[in-house]
Amino acid sequence: MAKQAKMVVDKAFSISKIDKRIYGSFIEHLGRAVYDGIYQPGHPLSNADGFRKDVIDLVKELDVPIVRYPGGNFVSNFYWEDSVGPVEERPHRLELAWRSLEKNEVGLHEFKKWADAANSEVMMAVNLGTRGITDACNLLEYCNHPGGTKYSDLRIKHGQKDPYGFKTWCLGNEMDGPWQIGHKTMDEYGRLLPAVNRFPSAANGAGFGPLAEYVHSLGLKFGIHIMRGIPRQAVHQNTKIMNSDRHAREIAKTNSICAWNTDMYGVDPEKDGAREYYNSIFELYASWGVDFIKCDDIARELPHEESELIMLSKALHGCGRPMVLSLSPGPALLEKAELYKQISNMWRITDDFWDKWELLYDMFSRAEKWCTHAGAGHWPDADMLPVGPIRQVYDVNNWTNFTQDEQITMLTLWSIMRSPLMLGGELTGFDEFTMNLVTNSEILAMHANARHSHQVWRREIDGIEHALWIAADTKGGYYVAVFNLGDKDSDISIPLADLEIYDGVNGTELWSGEHVEEPKSLSVSLKSHGARAYHFTYN
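Residues numbered from 1 in each chain as written. Predicted model: local features only at pLDDT ≥ 70, side-chain atom pairs only at ≥ 80, totals over all residues. Heavy atoms only, no water.

**Quick notes on a nonpolar patch on the surface**
So, point 1. Together, Ile18, Ile22 and Tyr23 make up an exposed nonpolar region whose accessible area comes to about 360 Å².
So, point 2. Structurally, Tyr23 can be placed in the segment before strand S1 (25-26). (Patch = residues over 30% accessible without salt bridge, like charges linked within 9 Å, V, L, I, M, F, W, Y side chains within 5 Å. Areas by Shrake-Rupley, 256 points an atom, 1.4 Å probe, with all protein chains shown as cover. Salt bridge = Lys/Arg side-chain N within 4 Å of Asp/Glu carboxyl O. Helix = DSSP H or I, 4+ residues; strand = E, 2+ residues; numbered from the N terminus.)

Below, the structure written as structure tokens:
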């Protein structure tokens, strides 16, 4: 028997007032929507700003209360900084969502003018596809803060004194969609996989296994870079957790998000299924043959994410395959040194290190504090060595800004303090100097054999700052390094008594190969920002 339904309508009854914003719309840099759509300079129906007056009139007639900008998929690769400032200075970009050329003629300021003319509010969308929270906060500051800060003052410089006061903001766009820029390749258990379009050998569920096998065949080790936590994409889809009856939403800490990469949520160690999730990802990495894990968004996230770090480390060490665990970003917390030593192999002691003298100069203070924590199986990490061709993604002609003397200083400090040596340049473009720099066998021997490294002193000599380091050699003797941290060349004499070396020794300078016969003091000529390294043995 068919069932009947009855509906009663009471036109006088209301629950609440309908928010007019539900009748909003959006405009997107897509096809003819903006260019040759709302914006067509030179057209007889366009106003002085290049916007079509007939389109504005139709939007006003529809009474559209709010319009989202700069669109949907487009926003997932949108750099808002490109859309402000003098139009003639704005860059032309390859637009990845719709595969077009974005000229940035219509940007934030221009669209606000259009919205005002159409009697609509602006709903500003932020890029959570390829950017993150920090950039969203910068955009908010640019648009809404009165002044006196970096980005609000930039708005004023661009001719808009008063803040726009945008009230409604859209966080990303359809972030779960596989068509979305920033979408991740993931298995049914929420574990990230290599994208086949970038790594064809990963097809058919092979993951990084074939690539790791090839790397191993060359006598090399294979490593990957991961982010702490579980993919937000997995949480939104509420994927199953392997070897558990729990799901992604049950273990996620949705208020724990990396400020500069919003792909992941933290994992709550107190929740059932959390350890099983971390077990599952390291078991996957072990099956691929991974030797090295760099885990980001964790080293300095203490103490609030300390329990997650410990859980992650236990999962790695229980996966059945030895892997080096590297923690990033820095600066790591000195008061947590013992924790880092117990649960990891290396941890960043600085934020990103680049080819600037002031960063290298600052590293001497960091090295002095951290050097005593280098030991069996664990090392403070001073970050990569920016040598030779670097920043190649921006320009193939980019080269390190460090002078040759500064590069020698860097290699000497990293080696005597036993920081991991990670090359940050394009190896195929190394010149003779760079190749000799990173393959100096005596310097690499110091890196391998130095123990109990520490700074002896750091002082001014004749108005120029110098530093003196010493380390024991496991094969006998001492390593000594002298640094000129000043802006002038220097000639100094260092009594060996400063190093507590009193008996007769012979030495070799490791960069030049010069021999030093039974000195009572060490006479050193140093270039500005330069270094010398010595190995001394008893007669």
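**Examining the side chain of Arg155**
So, point 1. On the secondary structure map, Arg155 appears in helix H4 (residues 150-157).
So, point 2. Notably, Arg155 is buried but unbridged: the nearest opposite-charge side chain belongs to Asp162, and the N-O separation is 6.7 Å.
So, point 3. A distance of 2.7 Å separates a polar atom in the side chain of Arg155 from the backbone oxygen of His145.
So, point 4. When neighbours within four sequence positions are excluded, Arg155 is seen to be in contact with His109, Glu141, Tyr142, Cys143, Asn144, His145, Pro146, Gln160, Lys161, Asp162 and Pro163. (Buried < 20%, exposed > 50% of the residue type's maximum accessible area, 1.4 Å probe, protein only. Lys, Arg positive; Asp, Glu negative; His and termini not counted. Polar contact = N/O pair within 3.5 Å; in protein donor to acceptor, adjacent residues only side chain to side chain. Contact = heavy atoms within 4.5 Å.)

**Considerations on the sheet that holds strand S16 (residues 464-473)**
So, point 1. Strand order in the open sheet formed by six strands is S15-S16-S17-S22-S19-S20, with antiparallel pairing between adjacent strands. The open sheet has two edge strands, strand S15 (450-461) and strand S20 (515-517), and neither has a second partner. In this sheet, adjacent strand axes meet at a mean angle of 20° when their direction is disregarded.
So, point 2. Direction of pairing for strand S19 (residues 505-509) relative to S20: antiparallel, over a ladder of three bridges. Note that in S20 the partner of Gly507 across the bridge is Val516. (Pairing = 2+ DSSP bridges. Axes fitted to C-alpha atoms, helices over the stretch in contact; angles between N-to-C directions.)

**Digging into the nonpolar core**
So, point 1. In this structure, Ile230, Phe282, Tyr285, Ile293 and Trp469 are the most contacted members of the largest nonpolar core, which totals 83 residues.
So, point 2. Considering each element in turn, this core owes the most residues, nine residues, to helix H8 (residues 274-288).
So, point 3. In this structure Phe282 touches Ile226, Ile293, Leu312, Ala315, Leu316, Cys319 and Met323, once residues within four positions along its chain are discounted.
So, point 4. Formed by 35 residues, the second largest nonpolar core is a distinct cluster that contains Ile38, Val67, Phe74 and Phe166. (Core = buried A, V, L, I, M, F, W, Y, C linked by side-chain atoms within 4.5 Å.)

**Some details on the environment of Asn127**
So, point 1. Locating Asn127 in the fold gives a position in the loop between strand S5 (121-126) and helix H3 (133-144).
So, point 2. A residue is classified by how much of its surface remains accessible, and Asn127, at 6% relative accessible area, is buried.
So, point 3. C-alpha separation for the pair Asn127 and Ala445, spaced 318 residues apart in sequence, amounts to 48 Å.
So, point 4. Setting aside its immediate chain neighbours within four residues, Asn127 contacts Val75, Ser76, Asn77, Phe78 and Gly132.
So, point 5. Among the polar contacts made by the side chain of Asn127, one reaches the main-chain carbonyl oxygen of Phe78 at a distance of 3.2 Å.
So, point 6. A polar atom in the side chain of Asn127 sits 2.9 Å from the side chain of Thr130.

**Here we look at the pattern of salt bridges**
So, point 1. Applying the stated criterion across every chain yields a total of 32 salt bridges.
So, point 2. A salt bridge links Lys184 to Asp263; the nearest nitrogen and oxygen atoms lie 3.2 Å apart. Placement of Lys184 in the loop between strand S6 (168-171) and helix H5 (209-217) and of Asp263 in the loop between strand S9 (252-253) and strand S10 (264-267) is noted, with a sequence separation of 79 residues between them.
So, point 3. Its salt-bridge partner being Arg348, residue Asp383 comes within 3.5 Å of it at the nearest N-O pair. Note that Asp383 is positioned in the loop between strand S14 (379-381) and helix H12 (404-417) and Arg348 in strand S13 (residues 346-348), a separation of 35 residues in sequence.
So, point 4. Within this structure, Arg228, Lys253, Asp297, Glu305 and Glu308 form a network of salt bridges that share partners.

**Some thoughts on the environment of Leu211**
So, point 1. You can see Leu211 is positioned in helix H5.
So, point 2. Taking relative accessible area as the criterion, Leu211 reaches 27% and is therefore assigned partly exposed.
So, point 3. Placed 90 residues apart in sequence, Leu211 and Glu121 show a C-alpha to C-alpha distance of 51 Å.
So, point 4. Not counting chain neighbours up to four residues away, the residues in contact with Leu211 comprise Phe199, Ser201 and Phe222.

**Side note on the packing of H3 against H4**
So, point 1. Where H3 meets H4, the closest approach of the two axes is 7 Å, and the angle between their N-to-C directions is 45°. Compared by their axis directions, H3 and H4 come out oblique. When the axes of H3 and H4 are compared, the crossing they make is right-handed. On H4, the residues that touch Asn138, Glu141, Tyr142, Cys143 and Asn144 of H3 are Lys150, Tyr151, Ser152, Leu154 and Arg155. (Parallel < 35°, antiparallel > 145°, perpendicular 65-115°, else oblique. Left-handed = near helix turned anticlockwise from the far one by under 90°.)

**Quick look at the pairing of S6**
So, point 1. Alternating positions in S6 separate cleanly, Thr168 and Cys170 being buried on one face and Trp169 and Leu171 remaining unburied on the opposite face.
So, point 2. One ladder, built from four bridges, connects S5 with S6; its direction is parallel. Residue pairing in the sheet places Met124 in a bridge with Trp169 of S6.

**Some words on H3**
So, point 1. Compared with an ideal rise of 1.5 Å per residue, which puts twelve residues at 16 Å, H3 spans 16 Å between its outermost C-alpha atoms and is within 8% of the ideal.
So, point 2. Within H3, burial applies to Ala136, Asn138, Leu139, Tyr142 and Cys143. Buried residues of H3 fall within an arc of 160° about the axis and therefore sit on the same side. (Expected span 1.5 Å × (residues − 1). Arc of directions from axis to C-beta.)

**Thoughts on the side chain of His29**
So, point 1. Mapped onto the elements, His29 comes out in the loop between S1 and helix H1 (53-62).
So, point 2. The class for His29 is buried, based on a relative accessible area of 5%.
So, point 3. Side chain to side chain, His29 and Tyr69 meet in a polar contact 2.9 Å long.
So, point 4. Within the structure, His29 has its side chain in polar contact with the side chain of Glu102 (distance 2.9 Å).
So, point 5. Look past the residues within four positions of His29 in its chain and what remains in contact with it is Val34, Tyr35, Tyr69, Pro70, Phe74, Trp98, Glu102 and Val106.

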